[in-house]
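Per-entry structural report
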Amino acid sequence: MKPYKVRKSKIDNLGLYAAKDIKNGEKVIQYKGKVITRKEAEENPKYDNDKAIYLFNLNKRYDLDGDFKFNTARLINHSCNPNCEVTGTGLKVWVHAIKNIKKGEEFSYDYGFSFDEDYKNYPCRCRSKNCCGFIIREGSRWRIKNRKSPKQDK
Ligand SMILES: [Zn+2]
């Protein structure tokens, strides 16, 4: 049985949800894609002008492009208080639980966006208590807290 299912998400469009209880550290789903060289990633216009949501750095030479329909893991949404993380071993990338997750909860991870001037184009609707209102990696969120907080509280 697959540990996940696809459902409409409260965060954004579709999401992946736990189909059973999942323990901290368990693998949730493989993040599938196409291995490309970093040179390709730099030169191909497909990766320009966009936050590379689906592009994972594997090592010095290779990235993994997960922007394909067959990559179900791409449906996982960003959260400021995520319950998963994405890690690579060799050229394989897996989504792991970083907390115990109950059946029915939505999976999420930190997209790891760096702080740029265009951060306002990437609002976050994760609804977690610590949500900074925008999709930005944890280490850079303090930059947002110095600004006017967006209307997100509920
Ligand atoms: Zn958030």
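Residues numbered from 1 in each chain as written. Predicted model: local features only at pLDDT ≥ 70, side-chain atom pairs only at ≥ 80, totals over all residues.

**So, the sheet that holds strand β3 (residues 27-31)**
- On the basis of which strands lie adjacent, the open sheet formed by 3 strands has the order β3-β9-β8 and antiparallel pairing. With one partner strand each, in any of the chains shown, β3 and β8 (84-89) form the two edges of the open sheet. Within this sheet the neighbouring strands show an average axis-to-axis angle of 30°, counted without direction.
- Inspection of the sheet shows β8 paired to strand β9 (residues 92-97) by 6 bridges, in the antiparallel sense. If you follow Cys-84 over to β9, its bridge partner there is Ala-97. (Pairing = 2+ DSSP bridges. Helix = DSSP H or I, 4+ residues; strand = E, 2+ residues; numbered from the N terminus. Axes fitted to C-alpha atoms, helices over the stretch in contact; angles between N-to-C directions.)

**Structural notes on the pairing of strand β2 (residues 14-18)**
- Of the strand pairs in this sheet, strand β1 (residues 4-8) and β2 are connected by 5 bridges, and their pairing is antiparallel. Across the sheet, residue Lys-5 finds its bridge partner in β2, namely Tyr-17.
- Between β1 and β2, which pair antiparallel and follow one another directly, the connecting turn spans 5 residues, one of which, Asn-13, has a positive phi of 55°.

**Some details on the confidence of the model for the protein chain**
- Mean pLDDT for the protein chain: 89, with 92% of residues reaching 70 or above.
- No element of the protein chain has a lower mean pLDDT than helix α2 (residues 142-145), at 82, and none a higher one than β3, at 97. (pLDDT = per-residue confidence, 0-100.)

**Remarks on the environment of Ile-76**
- Mapped onto the elements of the fold, Ile-76 is located in the loop between β6 (62-65) and β7 (77-78).
- Sequence separation between Ile-76 and Asp-12 is 64 residues; the distance between their C-alpha atoms is 9.4 Å.
- Excluding residues that lie within four positions of it along the chain, Ile-76 makes contacts with Gly-15, Leu-16, Cys-84, Val-95, Phe-107, Ser-108 and Tyr-109. (Contact = placed C-beta atoms within 7 Å.)

**Points about the nonpolar core**
- By size, the foremost hydrophobic cluster in this structure holds 19 residues, and its most contacted members are Tyr-4, Ala-18, Val-28, Ile-76, Cys-84, Val-95 and Phe-107.
- What Val-28 contacts, discounting residues up to four positions off in sequence, is Pro-3, Tyr-4, Ile-22, Cys-84, Val-95, His-96, Ala-97 and Phe-107.
- Within the second largest apolar cluster, 10 residues are counted, among which are Cys-80, Cys-131, Phe-134 and Ile-136. (Core = buried A, V, L, I, M, F, W, Y, C linked by C-beta atoms within 7 Å. Buried ≥ 20, exposed ≤ 12 C-beta atoms within 10 Å, placed from the backbone.)

**Quick look at unusual backbone geometry**
- A positive phi angle, close to 65°, is found at Arg-127, a residue other than glycine.
- Mapping Arg-127 onto the fold places it in the loop between β10 (108-109) and α2.
- Residue class for Arg-127 comes out partly exposed when judged on the 14 C-beta atoms lying within 10 Å of it.

**Description of the pairing of β6**
- In this sheet, β6 lies alongside strand β4 (residues 34-37) in antiparallel orientation, the contact comprising 4 bridges. Within β6, the position partnered with Val-35 by the bridge is Leu-64.
- Sheet topology note: the strand β5 (residues 55-57)/β6 ladder contains 3 bridges and is antiparallel. By the bridge assignment, Leu-55 is partnered in β6 with Asp-65.

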